[in-house]
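In case you want the letters, here they are:
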Amino acid sequence: MDLYFLRHGEADWPDWHKSDDERPLTKRGKKEMHEVAAFLVRLKVRPSLILTSPLPRAAQTAEIAAQHLELKCREDRRLAPGFGLPELEELIGKHSVESLMVVGHEPDFTKTISALTGASLKLSKAGVALVDVDLSSRKGKLLWLFPPKIAKN
């Protein structure tokens, strides 16, 4: 199974006084996500399904990716902060697809990718990684990881 991990874009607001869970993407974050999504189109990334954390910054990221990839995205609470291997196994069990994109948060994605692959890495904001997951062993191989700067035209 091809499993794409897409971390939400920039959502750092210096004067943010509401709950952290409510932070949306910044203007720069939206622009960067459009660049990353266009890059994914150029790579011919074609997941069967996009699942996203319900938090605004992740949902906005997923919507931008879905728009460019001409797919629909669905929210799944399991992708909220605290996501890990148990939640990933539930998602994989629930959605029998050949290719899945999940949109969520750090440090959850880095920890999950590392647990699947044994790789030492850090997924940057708006970064994307592709892991080839063997469904029988629930182990994976990191095929690629791109920071958003690679997507600039």
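Everything below is about the structure printed above this text.
Quick caveat: nothing in here was measured; it's all calculated off a predicted structure.

## As for the sheet that holds strand 2 (residues 49–52)
If you trace the 6 strands from one edge of the open sheet to the other, you get 3-2-4-1-5-6, paired in mixed fashion. Each edge of the open sheet is held by one strand with a lone partner, namely strand 3 (73–75) and strand 6 (139–146). Here the average twist between neighbouring strands, direction ignored, is 25°. In terms of strand pairing, strand 2 meets strand 4 (residues 99–104) through 4 bridges, oriented parallel. In the strand pairing of strand 4, Thr 52 is matched with Val 103. Contacts from helix 1 (residues 27–42) reach strand 1 (2–7), strand 4, strand 5 (128–134) and strand 6, with the element oriented near 165° to strand 1.

## Thoughts on the pattern of salt bridges
As enumerated under the stated definition, the model contains 5 salt bridges in all. The shortest N-O distance in the salt bridge between Arg 28 and Glu 32 comes to 3.9 Å. Within this pair, Arg 28 and its partner Glu 32 are both found in helix 1, separated by 4 residues, close to a single helical turn. A residue is classified by how much of its surface remains accessible, and Arg 28, at 52% relative accessible area, is exposed.

## Observations concerning unusual backbone geometry
Glu 106 connects to Pro 107 through a cis peptide bond whose omega is 5°. Take Pro 107: it is sitting in the loop between strand 4 and helix 4 (108–117). The backbone phi angle of Glu 70 is positive, close to 55°, even though this residue is not glycine. Relative to the helices and strands, Glu 70 is located in the loop between helix 2 (56–69) and strand 3. Despite not being glycine, Arg 138 shows a phi value in the positive range, around 60°. Relative to the elements of secondary structure, Arg 138 occurs in the loop between strand 5 and strand 6.

## Here's the deal with the nonpolar core
By size, the foremost hydrophobic cluster in this structure holds 24 residues, and its most contacted members are Leu 6, Met 33, Val 36, Leu 40, Ile 50, Met 101 and Val 103. When contributions to this core are tallied by element, the ones reaching two or more residues are strand 1, helix 1, helix 2, strand 4 and strand 5. The leading source of residues in this core is helix 2, at 6 residues. Residues contacting Val 103, with those up to four places away along its chain left out, are Leu 6, Ile 50, Leu 51, Thr 52, Ser 53, Ala 58, Thr 61, Ala 62, Leu 79 and Phe 109. Core analysis: the second largest hydrophobic core is formed by 20 residues, Met 1, Leu 49, Leu 100 and Val 133 among them.

## Side note on helix 3 (residues 85–94)
Taken residue by residue, helix 3 has Leu 88, Leu 91 and Ile 92 as its buried positions. On an axial view of helix 3, the arc spanned by its buried residues comes to 95°, and they lie on one face. Seen from the buried face of helix 3, the exposed residues on the opposite side, beyond 90 degrees, are Pro 86, Gly 93 and Lys 94. Looking at the packing, one finds that the buried side of helix 3 touches strand 1, strand 2, strand 4 and helix 4.

## Some words on the environment of Ala 59
With respect to the helices and strands, the residue Ala 59 is situated in helix 2. Taking relative accessible area as the criterion, Ala 59 reaches 8% and is therefore assigned buried. Along the chain, Ala 59 and Ile 92 lie 33 residues apart, while their C-alpha atoms are 20 Å from each other. If near-sequence neighbours (up to four positions away) are discounted, Ala 59 is found in contact with Thr 52, Ser 53, Pro 54 and Glu 75.

Conventions adopted
Residues numbered from 1 in each chain as written. Predicted model: local features only at pLDDT ≥ 70, side-chain atom pairs only at ≥ 80, totals over all residues. Heavy atoms only, no water. Pairing = 2+ DSSP bridges. Helix = DSSP H or I, 4+ residues; strand = E, 2+ residues; numbered from the N terminus. Axes fitted to C-alpha atoms, helices over the stretch in contact; angles between N-to-C directions. Contact = heavy atoms within 4.5 Å. Salt bridge = Lys/Arg side-chain N within 4 Å of Asp/Glu carboxyl O. Buried < 20%, exposed > 50% of the residue type's maximum accessible area, 1.4 Å probe, protein only. Core = buried A, V, L, I, M, F, W, Y, C linked by side-chain atoms within 4.5 Å. Arc of directions from axis to C-beta.

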